Amino acid sequence: MIVVMQPGASQEQVQDVEARLRQFGFDIHPIYGVERTVIAAVGAPELDRNEAKEQLESLPWVEQVTLVLKPYKFVSKKFRERTMVAVNGLPIGGDLFVVMAGPCTVESEEQLFKTAQAVHQAGAHILRGGAFKPSTSPYSFHGLGRTALELLQQARAMTGMPVITEVMDPRQVELVCEYADILQIGTRNMQNYDLLREVGRARKPVMLKRGMWATYEEWLQAAEYIWLGGNEQIILCERGIRTYETYTRNTLDLNAVPAIRELSHLPIIVDPSHGTGRASFVPAMTRAALAAGADGVMIEVHPNPASALKDGAQSLTLDAFRELMRTLRPLAEVMGRRL
Ligand code: PEP
Ligand code: MN
């Protein structure tokens, strides 16, 4: 970090800051100017730099503290070039453009099996389906819970597709691990640190959705929590953020794809369903995600969106999903990706 002292700070005040920096574990390199002193502090890899910065900035004789290092380390690009997450032998983060598809919420055996078979035949790689559903309204449907997990397991046996489903509570992690191949952390839980720690201890890949309010830096710090728990199988998912636009449910931030590529080695998946909230926009934004270089997409599909208990407006019909897969193939080829 770089500490800029107030102009005219006394020698004692400069020495005070130098002593504090040494106490934090830094090596210090001061530059004593005529008006101002600037201190470069290096080292102290384990230090919480934001806390140190806040402490120093509370001193009246410090003008400004600038952080040089990112507040995350292991999920950063500096740590590793690229991570491939293997889900039952299926690689995420390589040349395969991974398509996860299925209903927002598991509603019934018929609804799930019909969708699973259709998306499998159309070429999807991973089956999605919510068993425990977070909802803004306490009066919404909250999912079938364990029954849904059992149905997902049967759908996996039928199609051979690995299954991804959301886990909302640290107390559910063990149960969901018994059934799921990937644990999904939803947008509302991106900063649920107890949950992040718990899935960090799990031995299943985790897909961490971006908080709808979160910056890339906050998102990557959340991923760092999972990593520090001992779980390196982390996939990021851009699912749209809150902006002033109300025409779409969220604003799908496709900047996230090149940004995460630059900042992190973790795979990045795009969710155009929640990102737009409109089924008619999903094909265009799926192709945009592929063109932007995402590692895959997650798409909501329902046999009858008009009767879906959740997220019908953004769910593709089975036919629309098949059609989307058809238009993706030539694009994948141009982009040098497998589908
Ligand atoms: C979902 O995938 O159905 C879901 C609830 O997503 P998000 O957490 O992004 O809203
Ligand atoms: Mn949904």
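Focus: the overall build of the chain
Logical step 1: For the chain, the helix and strand inventory stands at 11 helices and 14 strands.
Logical step 2: In terms of its C-alpha atoms, the chain occupies a principal-axis envelope of roughly 75 × 45 × 40 Å.
Logical step 3: The buried share of the chain, reckoned over its 339 residues, is 53%.
Logical step 4: A fraction of 68% describes how many contacts in the chain between residues 6 or more apart in sequence connect residues 24 or more apart.

Structural notes on unusual backbone geometry
Logical step 1: Look at Asn88: it is not a glycine, yet its phi comes out positive at around 45 degrees.
Logical step 2: One non-glycine residue, Asp311, lies in positive phi territory at about 55 degrees.
Logical step 3: On the secondary structure map, Asp311 appears in the loop between β14 (296-300) and α11 (318-334).

Focus on the pairing of strand β7 (residues 98-102)
If a strand is regular, its side chains alternate between the two faces of the sheet.
Logical step 1: Among the 5 residues that make up β7, 5 are buried, leaving the element largely enclosed by the rest of the structure.
Logical step 2: On β7, burial covers both faces: Val98, Met100 and Gly102 on one face and Val99 and Ala101 on the other are all buried.
Logical step 3: For β7 and β14, the ladder comprises 5 bridges, and the chain directions are parallel. Its bridge partner being in β14, Gly102 is matched across the sheet by Glu300.

Some words on the pattern of salt bridges
Here the idea is simple: oppositely charged side chains can pair when their charged atoms come close.
Logical step 1: Per the stated rule, a full pass over the model turns up 19 salt bridges.
Logical step 2: The closest approach of N and O atoms between Arg338 and Asp95, which form a salt bridge, is 3.3 Å. Of this pair, Arg338 sits in the segment after α11 while Asp95 is found in the loop between β6 (90-92) and β7, placing the two residues 243 residues apart along the sequence.
Logical step 3: Exposure remark for Arg338: the relative accessible area of 43% places this residue in the partly exposed category.
Logical step 4: Residue Arg210 pairs with Glu238 through a salt bridge whose shortest N-O separation is 2.8 Å. Linking Arg210 in the loop between β11 (206-209) and α7 (216-228) with Glu238 in strand β12 (residues 234-238), this pair joins segments that are 28 residues apart in sequence. Accessibility assignment for this pair places Arg210 and Glu238 in one class, buried.
Logical step 5: A network of salt bridges, in which partner residues are shared, links Arg82, Arg261 and Asp295.

Examining the sheet that holds strand β4 (residues 62-66)
Logical step 1: Reading across from one edge, β2-β3-β1-β4 is the order of the 4 strands in this open sheet, with antiparallel pairing throughout. Two strands in the sheet have a free side with no partner beyond their single neighbour: β2 (26-32) and β4. The mean angle between the axes of side-by-side strands here comes to 20 degrees, regardless of whether they run parallel or antiparallel.
Logical step 2: The pairing of strand β1 (residues 2-5) with strand β3 (residues 37-43) spans 3 bridges and is antiparallel. The residue bridging Val3 from the neighbouring strand is Ile39, located in β3.
Logical step 3: Relative to the sheet, helix α1 (residues 11-24) contacts β1, β2, β3 and β4, its axis offset from that of β2 by approximately 155 degrees.

Side note on the coordination of the manganese ion (ligand 2)
Logical step 1: Note on the manganese ion (ligand 2): its protein donors are Cys104 (SG), His274 (NE2), Glu300 (OE) and Asp311 (OD). The metal-donor distances range over 2.0 to 2.4 Å.
Logical step 2: Ordering the donors of the manganese ion (ligand 2) by residue number gives the pattern C-x169-H-x25-E-x10-D. Of the two residues, Cys104 is situated in the loop between β7 and α3 (109-122) and His274 in helix α9 (residues 272-276); the sequence distance between them amounts to 170 residues. In this structure, Cys104 and His274 share a single accessibility class: buried.

So, the site of ligand 1
Logical step 1: Taken together, the neighbourhood of ligand 1 is formed by 13 residues, with Arg128, Lys133, Thr187, Lys209 and Arg239 sitting nearest.
Logical step 2: In the environment of ligand 1, an oxygen atom lies 2.8 Å from a nitrogen or oxygen atom belonging to the side chain of Lys133.
Logical step 3: Protein burial of ligand 1: of its 290 Å² of free accessible surface, 97% is covered by the chains.
Logical step 4: Of the residues belonging to the shell around ligand 1, the class tally is 2 nonpolar, 4 polar and 7 charged.

Thresholds applied
Residues numbered from 1 in each chain as written. Chains lettered and ligands numbered in written order. Predicted model: local features only at pLDDT ≥ 70, side-chain atom pairs only at ≥ 80, totals over all residues. Heavy atoms only, no water. Helix = DSSP H or I, 4+ residues; strand = E, 2+ residues; numbered from the N terminus. Buried < 20%, exposed > 50% of the residue type's maximum accessible area, 1.4 Å probe, protein only. Contact = heavy atoms within 4.5 Å. Pairing = 2+ DSSP bridges. Salt bridge = Lys/Arg side-chain N within 4 Å of Asp/Glu carboxyl O. Axes fitted to C-alpha atoms, helices over the stretch in contact; angles between N-to-C directions. Donors = N, O, S within 2.8 Å, 3.2 Å for Na, K, Ca; no water. Near = heavy atom within 4 Å. Polar contact = N/O pair within 3.5 Å; in protein donor to acceptor, adjacent residues only side chain to side chain. Areas by Shrake-Rupley, 256 points an atom, 1.4 Å probe, with all protein chains shown as cover. Nonpolar A, V, L, I, M, F, W, Y, C, P; charged D, E, K, R; others polar.

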